[in-house]
Amino acid sequence: MQEAALTCPHCHCEVTHTLHPFLDLAKHPKQKLAILTDSLFSVTCPSCTKQFTVLHELLVVDETQQVALLLAPRSQVRDLDGAVTGRQDLQAYTLRLVTTSAALKEKILLLDSNLDDRTIELCKLYLAMYMQKPEVQLFFAEHQTQANKLLFSVLDSEGALEGSIECEYELYNQLLETTQQFPLQKGFFTAVDQTWAYERIKNSADR
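Structure report, in brief. Within any chain, residue numbers begin from 1 and follow the written order of that chain's sequence. Local features in this predicted model are restricted to residues of pLDDT 70 or higher, and side-chain atom pairs are both shown and tallied only at a pLDDT of 80 or more, whereas totals for entire chains, interfaces and linings draw on every residue. Only hydrogens and water are removed before side-chain values are computed, so all heavy atoms of the structure are retained for them.

Quick notes on the sheet that holds strand 10 (residues 137-144)
- Strand order in the open sheet formed by three strands is 10-11-12, with antiparallel pairing between adjacent strands. Both outer strands of the open sheet, strand 10 and strand 12 (161-168), are each paired with one neighbouring strand and no more. Each strand of the sheet is rotated relative to its neighbour by a mean of 25 degrees, with strand direction disregarded.
- The criterion for strand pairing is that DSSP finds at least two bridges linking the strands in question. We count a stretch as a helix when DSSP gives it H or I for four or more residues in a row; a strand needs E for two or more, and each element gets its number in order from the N terminus. Where strand 10 meets strand 11 (residues 149-155), seven bridges bridge the pair, whose relative direction is antiparallel. Here, axes are lines fitted to C-alpha atoms. For helices the fit covers the stretch in contact, and angles between N-to-C directions go from 0 to 180 degrees.

A look at the packing of aromatic side chains
- Pairing of aromatic rings covers Phe, Tyr and the six-membered ring of Trp, with a centre-to-centre limit of 6.5 Å; geometry is then stacked below 30 degrees between planes, edge-to-face above 60, and tilted otherwise. Taken as a whole and judged by the stated rule, the model has three aromatic pairs.
- Where F140 meets F152, the ring centres are 6.1 Å apart and the plane angle is 80 degrees; that geometry is what we call edge-to-face. Taken as a pair, F140 in strand 10 and F152 in strand 11 lie far apart in primary sequence, 12 residues in all.
- Overall, the relative accessible area of 0% leaves F152 in the buried class.
- Considering the side-chain rings of F182 and W196, the 6.2 Å spacing of their centres and the 90 degrees angle between planes classify their relative orientation as edge-to-face. Residue F182 is found in the loop between helix 4 (169-179) and strand 13 (188-190), and its partner W196 is found in helix 5 (residues 194-206); the two are separated by 14 residues along the sequence.
- Throughout this description, buried means an accessible area under 20% of the type-specific maximum (1.4 Å probe, protein chains only), exposed means over 50%, and partly exposed covers the range between. For F182, a relative accessible area of 5% gives the class buried.

Considerations on the pairing of strand 2 (residues 14-19)
- Covered by surrounding structure in strand 2 are V15, H17 and L19 only, the residues E14, T16 and T18 on the alternate face being uncovered.
- Where strand 1 (residues 2-7) lies against strand 2, six bridges are found, and the strand directions are antiparallel. Opposite L6, over in strand 2, you have V15 as the bridge partner.
- Hairpin geometry of strand 1 and strand 2 is characterised by an intervening segment of six residues between the two adjacent antiparallel strands and by a positive phi of about 70 degrees at H12.

Regarding the pattern of salt bridges
- For this document, the term salt bridge refers to a Lys or Arg side-chain nitrogen within 4 Å of an Asp or Glu carboxyl oxygen. In this structure the tally under the stated criterion is 12 salt bridges.
- The partner of K32 in a salt bridge is D112, with the nearest N and O atoms 2.9 Å apart. Of this pair, K32 sits in helix 1 (residues 29-36) while D112 sits in helix 2 (residues 101-112), and the two are 80 residues apart along the sequence.
- K32 sits in the buried class, given a relative accessible area of 19%.
- Residue classification places D112 among the partly exposed positions, given a relative accessible area of 47%.
- Several salt bridges converge on common partners, so that one network encompasses R96, K107 and D117.

Details of the nonpolar core
- By nonpolar core we mean a set of buried residues, namely Ala, Val, Leu, Ile, Met, Phe, Trp, Tyr and Cys, connected to one another through side-chain atoms within 4.5 Å. If you look at the biggest cluster of nonpolar residues, it comprises 23 residues, and the most contacted ones within it are L115, I120, F140, L150, F152 and Y172.
- Secondary structure elements with two or more residues in this core: helix 3 (117-131), strand 10, strand 11, strand 12, helix 4 and helix 5.
- In terms of residue count, the dominant contributor to this core is helix 3 (five residues).
- In what follows, a contact means two residues having at least one pair of non-hydrogen atoms within 4.5 Å. Those residues in contact with F152 that sit more than four places away from it in its chain are I120, C123, K124, L127, F139, F140, A141, G163, S164, I165 and C167.
- Of all hydrophobic cores here, the second largest spans 16 residues; its members include I35, L58, L69 and I108.

Structure (structure tokens):
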């Protein structure tokens, strides 16, 4: 944990806040819940009592599934050498790079649902084309196991919630095979998102 001096954007008073640069999902269930409820990055100013959001670099590890998620809010790259973490044990892990808390939350939900995030991004691309709204953002929300459907939240270009859309789980199964054509570089944190899916499909079509 790290102590950071922050400035409240509302009253401009200085606030001391504890940052969590590392989180093990198995060992820190409360902090995992804090990510899923958006409270980990929420700060309440003791002076004006208003809340504000502070995103910071965070390494989230699931040692059971050997997955590591790196939240890097200011990152401008699509791939980042895993050596930047200083942890040699992550070389064999599946590494993902995200820049927003919403994307981090989604990756954790996918881990909990045992779903492949690359295939989910292909599903999103299919749904965005079906909706004829390429500018919308889709985030995985739930695997409805009884109905055998995948549910996604739909956000507009400004990040406001528009509603939800679902697809059959069978679509996921069909696209799972396509995913195997797009291997990722080992040892690198990779941004697997809708842009990633679009670029892979485009490159595949141009061959």
